[in-house]
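Residue-level structural notes
Here's the letter readout for the chains.
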Amino acid sequence: MANATRNECAWGGVTCDATTNRFITKLDLSKQNLTNSIPPELGVLTTLEELHLDGNKLNGIVPESFGNLTNLKILELQENNLAGPIPRTIGQITKLTKLYLERNNLVGSIPTQISSLASLEKLDLFENNFSGSLP
């Protein structure tokens, strides 16, 4: 489903794989003044390795469908207006090395599934409204 046409690979902020130029591997829409919620349909881009949506005005929740992004290594959602809990499906992104969620309005407890992310090197969660203990 993450198969891209030549046109999509030429769009600003879109990077496709170097071998075939057919699969979207990076989507960088940082600081683009994006508003509204994050479309759950991004969860079908299963070849994504990097998703950068930081520094926008996005609201709503972090979609559960992000758990489908099993090739994702970097997820940057910081400096938005995201609310609600971190979805438990975050634990399915086992290749994740960097997770930036700081400076949002996220609430609830930090899901225990985060502790199963063995490749995780960087986790930024500050300036949110979490409760409970650390996993």
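Okay, so let's go over this structure. (Residues numbered from 1 in each chain as written. Predicted model: local features only at pLDDT ≥ 70, side-chain atom pairs only at ≥ 80, totals over all residues. Heavy atoms only, no water.)

1. Remarks on the sheet that holds strand 2 (residues 24-28)
Hydrogen bonds between backbone atoms are what pair the strands of a sheet, whose relative direction is either parallel or antiparallel. The six strands lie next to each other as 1-2-4-6-8-10, forming an open sheet whose pairing is mixed. Where the open sheet ends on each side, the last strands, each with one partner, are strand 1 (14-16) and strand 10 (122-124). The average undirected angle you get between the axes of adjacent strands in this sheet is 10 degrees. Inspection of the sheet shows strand 4 (residues 50-52) paired to strand 6 (residues 74-76) by three bridges, in the parallel sense. For Glu50, the partnering residue across the bridge sits in strand 6 and is Ile74. (Pairing = 2+ DSSP bridges. Helix = DSSP H or I, 4+ residues; strand = E, 2+ residues; numbered from the N terminus. Axes fitted to C-alpha atoms, helices over the stretch in contact; angles between N-to-C directions.)

2. Points about the sheet that holds strand 3 (residues 35-37)
Taken together, five strands build an open sheet; the order of strands is 3-5-7-9-11 and the sheet is parallel. With partners counted over all chains shown, the strands left at the sheet margins are strand 3 and strand 11 (129-130), one partner each. Sheet topology places strand 9 (residues 105-108) next to strand 11; two bridges connect them, and they run parallel. Opposite Gly108, over in strand 11, you have Phe130 as the bridge partner.

3. Some details on the pattern of salt bridges
Evaluated as defined, the whole model comprises four salt bridges. Salt-bridge contacts for Lys122 lead to Asp124; the nearest nitrogen and oxygen are separated by 3.9 Å. A relative accessible area of 37% means that Lys122 is categorised as partly exposed. We classify Asp124 as buried; its relative accessible area is 15%. Three or more residues are tied together by salt bridges with common partners; here these are Glu79, Arg103 and Glu127. (Salt bridge = Lys/Arg side-chain N within 4 Å of Asp/Glu carboxyl O. Buried < 20%, exposed > 50% of the residue type's maximum accessible area, 1.4 Å probe, protein only.)

4. Points about unusual backbone geometry
In this model, Asn36 sits at a positive phi of 75 degrees, which is unusual for a non-glycine residue. Tracing the backbone shows Asn36 in strand 3. Positioned with a positive phi, Arg103 is a non-glycine residue whose angle comes to about 60 degrees. Note that Arg103 resides in the loop between strand 8 (98-100) and strand 9. Overall, the relative accessible area of 36% leaves Arg103 in the partly exposed class.

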